[in-house]
Amino acid sequence: MQVEARDLHFARGDRQIFRGLSCHFPRGKISVVAAASGGGKTTLLRMIACLLLPDRGSLVADGSLDLTQLSRDEVGRYRRRVGMLFQFGALLDTFSLYDNVALPLREHSELDEEQIRVEVRRVFDAVGLEDVDPLLPGELSGGMVKRAGLARALIEKPELLLCDEPFSGLDPPTVRRVEELLVSVNQRFGATLVVTSHHPQSTLRIADHLVMIDDGAAVEGPPRELMRRDPGAAEFFLDAVPGAALGSAAR
Amino acid sequence: MSPAAPVRAIGASVLRAVRGLGRFSLFVTAVLDAGARPPFRLRRLLGEVYDAGVLSLLIVCVSGFAVGMVLGLQGHNTLSRFGAEESLGAVVGLSLIRELGPVLTSLLVAGRAGSAIAAEIAAMNVTEQLDGLRMMSVEPLDFVVAPKALGMILAMPLLSTLFVVFGILGGWMVGVAVLGGDSGSYLSTLEDSVAFWEDVVGGIIKGVVFGVLVGFIATFRGFTARATTAGVSAAATSTVVIASVATLIFDYFITALWGY
């Protein structure tokens, strides 16, 4: 699935978050959305998930499906093609990990419990979780919560996977592990990934496409190209690639 | 300050209240609609009946017993001045079945289970669990809210009935076992004075109505709470306050309409 944002405007109270933001997320690629804190990364992700409507503008999936005009039933059908990894997992805290991941299949599929068990095993294996079935989300570390959230997002084989700050609050080895997971999800399942992040190193390692939001508008392109031509992107990558800022300043 | 300012403030408050009632009505309609359509979540409903009902049993039974003991003591002291101690069963029974049973049960359950429901749903909102459900195409009104509201509606009349039974037992304990009244008189005046339709069915109807009030107020306050920790506590507190006041107001109207 590919998604395109067209001329989005959005304000919270007096604060204008998007002022005509336009960008696109190409099919089958990993796109990273970067912005300063409070710059609208999560807001954009929630709009793509139909959890939030823009004040003006449109979001179009696959060239023709206007996400801002969908009925309730159509939103339900669209979301079945989309998985979302929330920043803090958003797992149901009274359900075991197994039940959390099995829930979408129990709700929407005709599979019997044995088939559901096989599917849950498949995604647990894919995200590297073992022997966690009876655990409650509160009994897991931050990294395991992210992986469990990812397992739940993957259980219905989504065409589009939205990941909200998947690297935040994790130690460096776990960050690398989650990066590898996202890349493998992209490669194994062929899903389009939209990832919000303020980790420049991770962005450079995983992104095919970078969307930089600055002052309510977006610039986009391949990360290294964007780093060369856009001062905001150069500044974002300052820590990861010190020469980036220098190159930008020289231009 | 402009002379019109107080009027404007009153007008704004009234408009806010009307808007709130409108939102509440839409919410109730949506929950009933979600609950009436398949899939019917019987297991989740039973779980909620357990949470609201079984987990409230101790507090309701103990409170009912204590209230019955007080009624037995006060009733015996008052009736004995007129030589009418044998009517104690009628006094205790009617007080409990008509008023105290349903009303006090509702107040107790609003404080214990109602606040817990509101806080749980509000916390699910803060931690994005409701959005997580939406992203799985699982409607929170259907999956979370409807079972909780319907569970409360089922549990409340049952708890109210238990409150009455333990209250009558408490009254008997004090009036007969402690103060030496006649057990046969206690039970026979109770039996003679209580009418099935007017008293028992009326009391059960109150229990159902109070269950509706507490169930929907608690779920509404939780569902519409601000997504902050302060929002969670505000949802729990306001549930207890609003549900308690609504119980007392509706009690008057049901009593008047039922023709006691």
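Residues numbered from 1 in each chain as written. Chains lettered and ligands numbered in written order. Predicted model: local features only at pLDDT ≥ 70, side-chain atom pairs only at ≥ 80, totals over all residues. Heavy atoms only, no water.

Remarks on the sheet that holds strand β9 (residues 209-214) of chain A
Residues and elements named next belong to chain A. In space, the six strands of this open sheet follow the order β6-β7-β8-β3-β9-β10, with mixed pairing throughout. Both edges of this open sheet fall to β6 (82-85) and β10 (217-221), since each of them pairs with a single strand only. Within this sheet the neighbouring strands show an average axis-to-axis angle of 15 degrees, counted without direction. When strand β3 (residues 30-35) meets strand β8 (residues 192-196), the two strands line up parallel, connected through four bridges. Note that in β8 the partner of Ile30 across the bridge is Leu193. Contacts from helix α1 (residues 41-48) reach β3, β6, β7 (160-164), β8 and β9 within the one sheet, and its direction differs from that of β7 by about 150 degrees. Against the sheet, helix α6 (residues 172-189) engages β3, β7 and β8, with an angle of about 160 degrees to β8. (Pairing = 2+ DSSP bridges. Helix = DSSP H or I, 4+ residues; strand = E, 2+ residues; numbered from the N terminus. Axes fitted to C-alpha atoms, helices over the stretch in contact; angles between N-to-C directions. Contact = heavy atoms within 4.5 Å.)

Focus on helix α7 (residues 183-193) of chain B
Helical geometry: 3.6 residues make up each α-helical turn, so side chains three or four residues apart lie on a common side. Residue and element names in this part refer to chain B. Taken together, the buried positions of α7 are Ser185, Tyr186, Thr189 and Leu190. The buried residues of α7 occupy an angular sector of 125 degrees when the element is viewed end-on, so they sit on one face. Structural note: α7 exposes Glu191 and Asp192 on the side pointing more than 90 degrees away from its buried face. (Buried < 20%, exposed > 50% of the residue type's maximum accessible area, 1.4 Å probe, protein only. Arc of directions from axis to C-beta.)

Let's talk about the sheet that holds strand β5 (residues 65-66) of chain A
In sheet architecture, strand pairing relies on hydrogen bonds along the backbone and comes in two forms, parallel and antiparallel. Residues and elements named next belong to chain A. What the four strands build is an open sheet, ordered β2-β1-β4-β5; its pairing is antiparallel. Looking along the sheet, the strands with just one partner apiece sit at the ends: β2 (15-25) and β5. Pairing geometry for strand β1 (residues 3-12) and β2, over eight bridges, is antiparallel. Bridging from a neighbouring strand, Phe10 pairs with Phe18 of β2. Packing of α1 onto the sheet brings it into contact with β1, β2 and β4 (56-61), and relative to β2 it is tilted by some 60 degrees.

As for the packing of aromatic side chains
All names here are of chain B. Applying the stated criterion to the full structure yields six aromatic pairs over all chains. Ring plane angle 45 degrees and centroid distance 5.8 Å describe the contact between Phe27 and Phe223, whose orientation is recorded as tilted. Linking Phe27 in helix α1 (residues 5-36) with Phe223 in helix α8 (residues 196-223), this pair joins segments that are 196 residues apart in sequence. For Phe27, a relative accessible area of 7% corresponds to the buried category. According to the relative accessible area criterion, Phe223 is buried, its value standing at 18%. With centroids separated by 5.3 Å and ring planes inclined at 75 degrees, the aromatic side chains of Tyr252 and Phe253 adopt a geometry described as edge-to-face. (Phe/Tyr/Trp six-rings, centres within 6.5 Å; stacked < 30°, edge-to-face > 60°.)

Some points on the pattern of salt bridges
Per the counting criterion, the structure on display carries 26 salt bridges over all chains. The salt bridge involving Arg46(A) is made with Asp131(B); its shortest N-O contact spans 2.6 Å. Of this pair, Arg46(A) sits in helix α1 while Asp131(B) sits in helix α5 (residues 129-135), placing the two residues on different chains. We classify Arg46(A) as buried; its relative accessible area is 16%. In this structure, Arg98(B) and Asp199(B) form a salt bridge, with 2.7 Å as the shortest nitrogen-oxygen distance. On the criterion of sequence distance, the pair formed by Arg98(B) in helix α4 (residues 88-126) and Asp199(B) in helix α8 is long-range, its members being 101 residues apart. Of the residues examined, Asp199(B) reaches a relative accessible area of 1% and is grouped as buried. (Salt bridge = Lys/Arg side-chain N within 4 Å of Asp/Glu carboxyl O.)

Here we look at the packing of α4(B) against helix α9 (residues 229-258) of chain B
Residue and element names in this part refer to chain B. Look at α4 against α9: their axes get within 8 Å of each other, and the N-to-C directions meet at 150 degrees. With respect to α9, the axis of α4 lies roughly antiparallel. As α4 runs across α9, the sense of the crossing is right-handed. When grouped by side-chain class, the residues that make up the contact of α4 with α9 number 14 nonpolar, eight polar and two charged. (Parallel < 35°, antiparallel > 145°, perpendicular 65-115°, else oblique. Left-handed = near helix turned anticlockwise from the far one by under 90°. Nonpolar A, V, L, I, M, F, W, Y, C, P; charged D, E, K, R; others polar.)

Read these as geometric descriptors, not functional statements.
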